Amino acid sequence: ETGVTQTPRHLVMGMTNKKSLKCEQHLGHNAMYWYKQSAKKPLELMFVYNFKEQTENNSVPSRFSPECPNSSHLFLHLHTLQPEDSALYLCASSQEGAGGVYGYTFGSGTRLTVV
Amino acid sequence: AQSVTQPDIHITVSEGASLELRCNYSYGATPYLFWYVQSPGQGLQLLLKYFSGDTLVQGIKGFEAEFKRSQSSFNLRKPSVHWSDAAEYFCAVALSSGGSYIPTFGRGTSLIVHP
C-alpha cells in the first residue's frame with residue numbers, strides 16, 4: 001500500500017476521446033505532482049500543485065489539463081491525445097509544499113494507451 | 001542545470017551476490033539525494049535519502065547508500081541480493097530553486113537477478 005491511489009490502472013482511448021485520470025492521497029501531504037514515464041526516457045515532471053495551487057507547468061501541451069480541487073485529490077484531464085502520449089502516468093505527493101525534500105510517495109500509475 | 005547520471009542501464013547479478021548501483025550528479029552544492037525502486041507495473045518507492053550528516057545511510061529492504069562528496073556520487077549497495085530485488089532503480093537529486101526542491105531523476109538501472 002503506497003498511500004497514493006490512482007485510477008484507472010489501465011486506460012485505452014482513441015485520439016478523439018476525453019478521459020480523466022484520478023489521484024487520491026490521505027497522507028496529509030500538501031504537494032501533489034503528475035509525472036510521465038515513457039520507455040527509454042527519464043521521468044518527466046508535468047505539473048506541480050502546492051496547497052492546491054499550480055506552481056509548475058513543464059511546457060506540457062494543452063491537451064493535458066490538471067485539476068486539484070483540494071489537497072487530497074488531483075486529476076489529469078485528457079483530450080485529443082496523440083499516440084506518442086501513450087505512457088505510464090504517475091501521481092506523487094510530498095509532505096511539504098517546497099517539493100521533494102523528504103522524498104515523494106508515488107501511486108502505482110495509470111498505463112495509458114492512445115490508439 | 002542539475003543532472004543525474006546512472007551509467008549502467010542494466011546490471012545482472014546472481015542471487016546472494018553483492019550489488020552496487022552507481023549514481024553521479026553534477027552540481028556545485030551538495031544536493032538532497034534519493035534512491036527509488038520501481039517494480040514492474042508499479043510506481044516508485046523511496047528506498048532511502050540523504051540530507052546531511054553521516055555519509056552512509058540505511059534504507060528499507062536491506063539497502064544502503066554512501067555519499068562521497070569528492071566523487072559527486074551516491075551509490076546504492078546491498079550485501080546479498082534476493083530474487084525479489086529485481087526491479088528498476090532510480091537515483092534522484094534535489095537542489096533548492098526559488099524555495100522549491102523538485103528532484104531530477106536519473107534514467108534508471110534495471111537490475112536482473114539470476115537464480
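These numbers come from a predicted model, not from an experiment.

Once that is clear, we can look at the confidence of the model for chain B. On average, residues of chain B carry a pLDDT of 92, and 95% of them reach 70 or more. By mean pLDDT, the top-scoring element of chain B is strand β3 (residues 19-21) of chain B (98), and the lowest-scoring one is strand β11 (residues 104-105) of chain B (90).

Residue and element names in this part refer to chain B. In terms of nonpolar packing, the biggest core is built from 27 residues, with Trp35, Leu48, Phe74, Leu76 and Tyr89 touching the most fellow members. If you list the elements that add at least two residues to this core, you get β2 (10-14), β3, β5 (32-38), β6 (44-50), β8 (64-68), β9 (73-78), β10 (87-94) and β12 (109-114). Sequence-distant contacts of Leu76, defined by excluding residues within four places in its chain, comprise Leu19, Glu20, Leu21, Trp35, Leu47, Leu48, Phe63, Glu64, Ala65 and Tyr89.

Residues and elements named next belong to chain A. Taken as a whole, this structure holds two disulfides over all chains when the rule is applied. Covalently, Cys23 is tied to Cys91 through a disulfide, its sulfur atoms 1.9 Å apart. With the S-S dihedral at roughly -75°, the linkage between Cys23 and Cys91 falls on the left-handed side. Residue Cys23 is located in strand β3 (residues 18-25), and its partner Cys91 is located in strand β9 (residues 87-94); the two are separated by 68 residues in the primary sequence. Look at Cys23 and you get buried, because its relative accessible area is 0%. For Cys91, a relative accessible area of 0% gives the class buried.

Turning our attention to the sheet that holds strand β1 (residues 4-7) of chain A. Residue and element names in this part refer to chain A. As summarised here, the arrangement of the four strands in space is β1-β3-β8-β7, forming an open sheet in which the pairing is antiparallel. The open sheet terminates on both sides in strands that have one partner only, identified here as β1 and β7 (64-70). Ignoring which end each strand starts from, the neighbouring axes of this sheet average 20° apart. Sheet topology places β1 next to β3; four bridges connect them, and they run antiparallel. The partner of Val4 across the bridge, within β3, is Gln25.

Before going further, it helps to spend a moment on the environment of Pro69 of chain A. All names here are of chain A. Topologically, Pro69 is positioned in strand β7. Note on Pro69: relative accessible area 41%, which makes it partly exposed. Between the C-alpha atom of Pro69 and that of Gly14, which follows or precedes it by 55 residues, the distance is 27 Å. Excluding its chain neighbours within four sequence positions, the residues that come into contact with Pro69 are Lys52 and Phe75.

Residues and elements named next belong to chain A. Inspection of the secondary structure assignment puts His73 in strand β8 (residues 73-79). Sequence spacing of His73 and Tyr33 is 40 residues, and the spatial spacing of their C-alpha atoms is 11 Å. There is a polar contact of 3.4 Å between the side chain of His73 and the side chain of Glu24. A distance of 2.9 Å separates polar atoms of two side chains, one belonging to His73 and the other to Asn70.

Quick look at the pattern of salt bridges now. Applying the stated criterion to the full structure yields six salt bridges over all chains. With its nearest N and O atoms 2.7 Å apart, the salt bridge here joins Arg63 of chain A to Asp85 of chain A. Of the two residues, Arg63 of chain A sits in the loop between β6 (53-57) and β7 while Asp85 of chain A sits in the loop between β8 and β9, which places them 22 residues apart along the sequence. Between Arg77 of chain B and Glu64 of chain B there is a salt bridge, with the nearest N and O atoms lying 3.3 Å from each other. With Arg77 of chain B in strand β9 and Glu64 of chain B in strand β8, this pair connects stretches of sequence that are 13 residues apart. The partly exposed category is assigned to Arg77 of chain B, whose relative accessible area is 22%.

Cut-offs applied
Residues numbered from 1 in each chain as written. Chains lettered and ligands numbered in written order. Predicted model: local features only at pLDDT ≥ 70, side-chain atom pairs only at ≥ 80, totals over all residues. Heavy atoms only, no water. pLDDT = per-residue confidence, 0-100. Helix = DSSP H or I, 4+ residues; strand = E, 2+ residues; numbered from the N terminus. Core = buried A, V, L, I, M, F, W, Y, C linked by side-chain atoms within 4.5 Å. Buried < 20%, exposed > 50% of the residue type's maximum accessible area, 1.4 Å probe, protein only. Contact = heavy atoms within 4.5 Å. Disulfide = S-S within 2.5 Å. Pairing = 2+ DSSP bridges. Axes fitted to C-alpha atoms, helices over the stretch in contact; angles between N-to-C directions. Polar contact = N/O pair within 3.5 Å; in protein donor to acceptor, adjacent residues only side chain to side chain. Salt bridge = Lys/Arg side-chain N within 4 Å of Asp/Glu carboxyl O.

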